Amino acid sequence: MGGGTNSYREIEETDVILLWGSNARETHPIFFHHLLKGVHNGARLFAVDPRRTSSVKWADTWVGLDVGTDIVVANAMGREIIARGWHDKRFIEHATSGFEDYRDAVEPFTLAEAQRLSGVPAAVIHDMAKAYATAKRAMICWTLGITEHHNGVDNVSSLINLALLTGHVGKYASGLNPLRGQNNVQGGGDMGALPDRFPGFQHVEVEAHRLKFEKAWNAPIPAKRGLNLTAMLEAMDHGELKALLVLGENPLQSEADRKHAEKVLGKLDFLVVQDLVLTPTAEMAHVVFPAAAGWCESEGTVTNSERRVQRVRRALQPPGEARDDGQILHDLAKAMGHDWGPFSAKAVWDELRSLSPVHQGMSYERLEAGGGLQWPCYDEAHPGEMFLHSRLWEVPLNGPRVAFQVVRHSPPVEPLTPEFPIRLTTGRRLDDYNTGVQTEGFASPLRRGETIDLSPEDAGALGLADGEVARVISPRGEIRAPVRLTRSLRPGLAFMTFHFQDSVNTNILTIDATDPRSGTAEFKACSIRVEKLNTAMLA
């Protein structure tokens, strides 16, 4: 199941936290308050990130690895843990499979070799491995710094391996937690907004699941999984996908390689966009459905990073022609010959509960009586699970073993060259949100606009001053952006956000190399060069 294994409260009471590829201070500020309570209660925090982010201020240790070497560090930790005898042999024998293959795969990743490949000192990797493996309770938290790579699934698997190796999963205050970067990302996945899953993470290709949904929905369902977003863009390019309905998404500006996204969206015979604001994607659409604001003009539920389902209540009526997203879909279905009756968010939720076992016990009445419930919640007497996978500690083992995954280091797709010698990585900042369509219209004392962040050493070598507009070029295109000098970056590494696409279109630079399993693009690693603008260019 795609969900974090632990609750917010548990990170307040753990002993060691590996914050890996996540600047949670800026990108997950609510969660970070809980993490800080853990630090104040004595937890050691290791911040694993190529940048010295604002989260590092509270860390015991900054583990400053080179972009794209997460597997190197994780595998080296695994090797060190095994070599020192810090692994949980009883848990491994009881609940896992594939340990021998994993042990053999990590053997080449000595501390010295890991230091050579990743740039992280051997002593730092040893210290992190020891702290994590020998702690009574330990948690790994990660976000897009792990997943937005061409091998993002392998990156995640390398962290899961560490939890299996040490037994830090399936128990209180120990586990694996992907932090969700947007409101209700967790809920979207839970509800089946995935190409291979029904609601409740029930697999489309399992016949029993498919037959259950076919009976409930009175419609045949293909036995084969659908396309993820990357595959959809490829299908548009090849003319195989001709019509698209976009709900609350701005792919024109959020996809890697802006020029390619614009080209394939332009090939569609019919584009419909349903959104709160008129995004640049909506400006390309043949039809736009104005939608209600989900947080104050709609009824329903959202699910946060700790799997907690909470009620959302309408406070205001949507303005003008805007309608609740669910109402729009009901009206669209009726126009296409399928009358689903009057729209009711509660009726939709009750149908979901009847089909998703992990949500079955979550009636509106129970959700409204307290602060929500965490899935799985199997019946109306069930309190909801605070943490997942406790079955792994049951004797005899309840259910299947969990397999170690052999993962091998694969550097960024686009190497650095004399022509493009600087590594660009992208991310978010506290004051703005994704492509800016929800935040740029509001004033913020923190907002400073887009910049190309460089180390003082790189800027000095290029003859660039702080605030000077420079030319930034990748193999896909070029943009202009003001230079910002920051000690958070080491020489050879640059940073930009994608918050200000109307003024500085960062996604012209990024590469659309994708993970073959998740379809996620490698936003975290492309090669660039930065040039000083001469007088003729400025004219």
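Draft legend 1. Local environment of the overall build of the protein chain. Check the secondary structure of the protein chain and you find 21 helices and 21 strands. For the protein chain, whose C-alpha radius of gyration is 24 Å, the value lies close to the compact-globule estimate of 24 Å for 539 residues. Expressed along its principal axes, the backbone C-alpha trace of the protein chain runs to roughly 70 × 65 × 45 Å. Per-residue burial for the protein chain yields a buried fraction of 52% across its 539 residues. Partitioning the intrachain contacts of the protein chain with sequence separation of at least 6 by distance along the chain shows that 69% fall at a separation of at least 24. A total of about 24,000 Å² of accessible surface is found on the protein chain, and carbon and sulfur atoms cover 54% of it. The averaged location of the 68 negative side-chain charges in the protein chain is 4 Å from the averaged location of its 57 positive side-chain charges.

Draft legend 2. Region of interest: the packing of helix α4 (residues 70–83) against helix α10 (residues 152–166). Where α4 contacts α10, the two axes come as close as 9 Å, and the packing angle between them is 15 degrees. The angle between the axes of α4 and α10 places the two elements in the roughly parallel class. Crossing of α4 against α10: the hand is left-handed. Across from Asp70, Ile71, Ala74, Asn75, Met77, Gly78, Ile81 and Ile82 in α4, the residues of α10 making contact are Asp154, Asn155, Ser158, Leu159, Leu162, Leu165 and Thr166. For the contact of α4 with α10, the residue count by class is 8 nonpolar, 5 polar and 2 charged.

Draft legend 3. Structural detail: the nonpolar core. Ranked by internal contacts, the top residues of the largest apolar core, which has 47 residues, are Leu18, Trp20, Met77, Met128 and Leu162. If one sorts the elements of this core by residue count, helix α8 (residues 122–134) sits on top with 8 residues. Once residues within four sequence positions are removed from consideration, Leu162 is found in contact with Trp20, Ala74, Met77, Gly78, Ile81, Tyr102, Tyr132 and Ile140. In this structure, Ile479, Val504, Ile528 and Val530 belong to the second largest nonpolar core, which totals 21 residues.

Draft legend 4. Representation of the sheet that holds strand β11 (residues 287–290). Here 3 strands make up an open sheet; going across it, the order is β9-β10-β11 and the pairing parallel. Each end of this open sheet is capped by a strand with a single partner; those strands are β9 (243–247) and β11. Taking each pair of neighbouring strands and ignoring which way they run, the sheet shows an average axis angle of 10 degrees.

Draft legend 5. Quick peek at the pairing of strand β19 (residues 477–485). Inspection of the sheet shows strand β17 (residues 452–454) paired to β19 by 3 bridges, in the parallel sense. Bridge pairing links Asp453 to Arg484 in β19. Two strands pair when backbone bridges link them, and strand β18 (residues 469–474) and β19 are joined in this way by 6 bridges, in the antiparallel orientation. Directly across from Ser474, in β19, lies its bridge partner Gly477. Linking two consecutive strands that pair antiparallel, namely β18 and β19, is a turn of 2 residues.

Draft legend 6. Broad picture of unusual backbone geometry. Looking along the chain, the bond that leaves Trp375 and enters Pro376 is cis, with omega of 0 degrees. Mapping Pro376 onto the fold places it in the loop between β14 (373–374) and β15 (402–403). Backbone torsion omega between Val395 and Pro396 reads -5 degrees, so that peptide bond is classified as cis. Along the chain, Pro396 falls in the loop between β14 and β15. For Ala173, which is not a glycine, the phi torsion comes out positive at approximately 65 degrees.

Draft legend 7. Spatial organisation of the sheet that holds strand β13 (residues 308–312). Here 3 strands make up an open sheet; going across it, the order is β12-β13-β14 and the pairing antiparallel. On the outer flanks of this sheet lie β12 (300–303) and β14, each paired with one strand and no other. Two elements, β12 and β13, share 4 bridges in a ladder whose sense is antiparallel. If you follow Gly300 over to β13, its bridge partner there is Val312.

Draft legend 8. Geometry of empty space enclosed by the protein. Within the structure shown, the criterion is met by 2 cavities of 30 Å³ or more. What the largest cavity holds in volume is close to 300 Å³. Contributing to the lining of the largest cavity are 25 residues, with Gly21, Asp49, Gly145, Thr426 and Lys524 lying nearest its centre. If one sorts the elements of the lining of the largest cavity by residue count, strand β16 (residues 422–427) sits on top with 3 residues.

Draft legend 9. Quick look at the pairing of strand β20 (residues 493–497). For β20, the tally of buried residues reaches 5 of 5 residues, placing the bulk of the element in the interior. Across the two faces of β20 the burial is the same, with Leu493, Phe495 and Thr497 and Ala494 and Met496 all buried. Where β16 lies against β20, 5 bridges are found, and the strand directions are parallel. In the strand pairing of β20, Gly427 is matched with Thr497.

The rules behind each value
- Residues numbered from 1 in each chain as written.
- Predicted model: local features only at pLDDT ≥ 70, side-chain atom pairs only at ≥ 80, totals over all residues.
- Heavy atoms only, no water.
- Helix = DSSP H or I, 4+ residues; strand = E, 2+ residues; numbered from the N terminus.
- Rg over C-alpha atoms; globule rule 2.2 N^0.38 Å.
- Buried < 20%, exposed > 50% of the residue type's maximum accessible area, 1.4 Å probe, protein only.
- Contact = heavy atoms within 4.5 Å.
- Areas by Shrake-Rupley, 256 points an atom, 1.4 Å probe, with all protein chains shown as cover.
- Lys, Arg positive; Asp, Glu negative; His and termini not counted.
- Charge placed at Lys NZ, Arg CZ, Asp CG, Glu CD.
- Axes fitted to C-alpha atoms, helices over the stretch in contact; angles between N-to-C directions.
- Parallel < 35°, antiparallel > 145°, perpendicular 65-115°, else oblique.
- Left-handed = near helix turned anticlockwise from the far one by under 90°.
- Nonpolar A, V, L, I, M, F, W, Y, C, P; charged D, E, K, R; others polar.
- Core = buried A, V, L, I, M, F, W, Y, C linked by side-chain atoms within 4.5 Å.
- Pairing = 2+ DSSP bridges.
- 1 Å grid on protein atoms, 1.4 Å probe; cavity = no way out; pocket = protein on both sides within 12 Å on 5 of 7 lines; lining within 4 Å.
- Points joined across faces, edges and corners; volume = space filled by probe spheres on them.

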